[in-house]
Amino acid sequence: MRIDTASAAFIAVDVQNDFCPGGALAVERGDEVVPIINRLAPAFALRVATQDWHPAGHVSFASSHPGKRPHDGDDSGDPRSLWPDHCVQGSPGAEFHPGLDPRPWQLIVRKGFRPDLDSYSAFFENDASTGTGLDGWLRGLGVGTVVLAGLALDYCVFFSAMDAIRLGYRTVVVRDACRAVDLPAGNADRALAELASRGAS
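A brief report on the enclosed structure follows.

Cut-offs applied
- Residues numbered from 1 in each chain as written.
- Predicted model: local features only at pLDDT ≥ 70, side-chain atom pairs only at ≥ 80, totals over all residues.
- Heavy atoms only, no water.
- Core = buried A, V, L, I, M, F, W, Y, C linked by side-chain atoms within 4.5 Å.
- Buried < 20%, exposed > 50% of the residue type's maximum accessible area, 1.4 Å probe, protein only.
- Helix = DSSP H or I, 4+ residues; strand = E, 2+ residues; numbered from the N terminus.
- Contact = heavy atoms within 4.5 Å.
- 1 Å grid on protein atoms, 1.4 Å probe; cavity = no way out; pocket = protein on both sides within 12 Å on 5 of 7 lines; lining within 4 Å.
- Points joined across faces, edges and corners; volume = space filled by probe spheres on them.
- Nonpolar A, V, L, I, M, F, W, Y, C, P; charged D, E, K, R; others polar.
- Phe/Tyr/Trp six-rings, centres within 6.5 Å; stacked < 30°, edge-to-face > 60°.
- Pairing = 2+ DSSP bridges.
- Right-handed = clockwise from strand over helix to strand, strands pointing away.
- Salt bridge = Lys/Arg side-chain N within 4 Å of Asp/Glu carboxyl O.

**What to know about the nonpolar core**
Generally speaking, soluble globular proteins have nonpolar side chains that are buried together.
Now for step 1: Membership of the largest hydrophobic core comes to 60 residues, with the highest contact counts inside it found for Phe 10, Ile 37, Phe 123 and Val 146.
Now for step 2: Mapped by element, the contributors of at least two residues to this core are β1 (8-13), α1 (33-40), β2 (46-52), α2 (134-140), β4 (145-151), α3 (153-166), β5 (170-179) and α4 (187-197).
Now for step 3: Ranked by residues supplied to this core, first place goes to α3 with 8 residues.
Now for step 4: When sequence neighbours within four positions are dropped, the list of residues in contact with Val 146 reads Ala 9, Ile 11, Leu 138, Ala 164, Tyr 169, Arg 170, Thr 171 and Val 172.

**Considering empty space enclosed by the protein**
Now for step 1: All chains considered together, the criterion is met by 2 cavities of 30 Å³ or more.
Now for step 2: Considering only enclosed or pocket space, the largest cavity measures out at about 130 Å³ in volume.
Now for step 3: Along its surface, the largest cavity is lined by 14 residues, and Phe 19, Leu 25, Trp 83, Tyr 155 and Cys 156 are the ones closest to its centre.
Now for step 4: Its residues assigned to classes, the lining of the largest cavity shows 9 nonpolar, 3 polar and 2 charged.
Now for step 5: In this structure, the second largest cavity encloses a volume near 50 Å³.
Now for step 6: Lining the second largest cavity, in full, are Val 173, Arg 175, Leu 192, Leu 195, Ala 196, Ala 200 and Ser 201.
Now for step 7: Counting residues per element, the ones that place at least two in the lining of the second largest cavity are β5 and α4.
Now for step 8: Tallying contributions element by element places α4 first for the lining of the second largest cavity, with 3 residues.
Now for step 9: Its residues assigned to classes, the lining of the second largest cavity shows 5 nonpolar, 1 polar and 1 charged.

**Quick word on the packing of aromatic side chains**
Now for step 1: Enumeration over the complete set of coordinates arrives at 7 aromatic pairs.
Now for step 2: Centre to centre, the rings of Phe 10 and Trp 105 are 6.3 Å apart; their planes meet at 20°, and the pair counts as stacked. In this pair, Phe 10 sits in strand β1 while Trp 105 sits in the loop between β2 and β3 (107-111), placing the two residues 95 residues apart along the sequence. Considered together, Phe 10 and Trp 105 belong to a single accessibility category, that of buried residues.
Now for step 3: Centre to centre, the rings of Tyr 120 and Phe 159 are 5.4 Å apart; their planes meet at 45°, and the pair counts as tilted. Residue Tyr 120 is found in the loop between β3 and α2, and its partner Phe 159 is found in helix α3; the two are separated by 39 residues along the sequence.
Now for step 4: Among the aromatic residues, those joined into a cluster by ring pairs are Trp 83, Tyr 120, Tyr 155, Phe 158 and Phe 159.

**Observations regarding the pairing of β1**
Now for step 1: With respect to burial, β1 is a largely interior element, 6 of its 6 residues being buried.
Now for step 2: Burial along β1 is two-sided: Ala 8, Phe 10 and Ala 12 facing one way and Ala 9, Ile 11 and Val 13 facing the other are all buried.
Now for step 3: Taken together, the 6 bridges between β1 and β4 define a ladder with parallel strand orientation. Looking at β4, one finds that Ala 8 is bridged to Thr 145.
Now for step 4: In this view, the connection linking β1 to its parallel neighbour β2 by way of α1 has right-handed handedness.

**Considering the layout of surface pockets**
Now for step 1: Taken as a whole, the largest pocket spans an internal volume of roughly 210 Å³.
Now for step 2: Lining the largest pocket are 12 residues; nearest its centre among them are Ala 128, Phe 159, Met 162, Asp 163 and Arg 166.
Now for step 3: Among the residues making up the lining of the largest pocket, the classes are represented as 5 nonpolar, 2 polar and 5 charged.

**A short note on the environment of Glu 194**
Now for step 1: In this fold, Glu 194 is placed in helix α4.
Now for step 2: Since its relative accessible area comes to 27%, Glu 194 is described here as partly exposed.
Now for step 3: When the C-alpha atoms of Glu 194 and Met 162 are compared, they prove to be 8.8 Å apart, with 32 residues separating the residues in sequence.
Now for step 4: Excluding anything up to four places from it in sequence, Glu 194 contacts Phe 158 and Met 162.

**A short note on the pattern of salt bridges**
Now for step 1: Following the criterion strictly, the structure yields 9 salt bridges and no others.
Now for step 2: Across the salt bridge formed by Arg 114 and Glu 125, the nearest N and O atoms sit 2.4 Å from each other. Pair noted here: Arg 114 is in the loop between β3 and α2 and Glu 125 is in the loop between β3 and α2, with a separation of 11 residues, a long-range link.
Now for step 3: Overall, Arg 114 belongs to the partly exposed group, its relative accessible area being 30%.
Now for step 4: Overall, Glu 125 belongs to the buried group, its relative accessible area being 3%.
Now for step 5: Here Arg 139 makes a salt bridge to Asp 135, at a shortest N to O gap of 2.8 Å.

These values are about where atoms sit, not about what they do.
Shown next as structure tokens:
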């Protein structure tokens with residue numbers, strides 16, 4: 001598939017210490033995306049990195065819900081899981097992986113910083129209506145195609161891609177430059193199938 005990198009935006013999702021081996025919410029082999037992203041990003045005219053940026057006591061943390069453990073439901077009816085404390089603002093875990101080249105990024109989108117609202121997508125918080133500002137920035141620059149990579153394929157990359165499709169962007173997921181939590185088992189395959197059914201490449 002041919003992508004006009006002069007008019008497309010490359011989005012690296014949450015390539016942070018806590019999502020890499022040794023981190024609080026490590027994605028298996030998550031660090032393997034770093035050299036691929038470093039190689040891909042400079043080819044694009046527009047380059048964005050996202051960063052989970054939670055306050056202490058964030059609603060997505062199991063520790064904020066008495067009697068709950070990581071990966072339990074949160075009693076809200078939302079099927080998404082509660083997580084270990086991760087990517088706390090200003091902590092080493094919230095920092096980008098040290099191998100990620102900091103030079104290409106023209107915009108860093110921090111998400112999940114509202115105490116009572118989580119955010120998987122680079123475009124919207126999990127209420128599906130509170131924007132991060134990314135859509136406006138891209139539209140202002142005439143972007144029609146977004147290319148996504150990063151962590152984790154079946155959560156933040158998936159929801160970012162789904163929102164990009166919903167917003168009308170041509171959406172490409174670089175599978176080799178993603179790794180998945182795959183929780184529950186099979187989640188990664190389900191995410192890829194859903195994205196394909198919606199027209200993502």
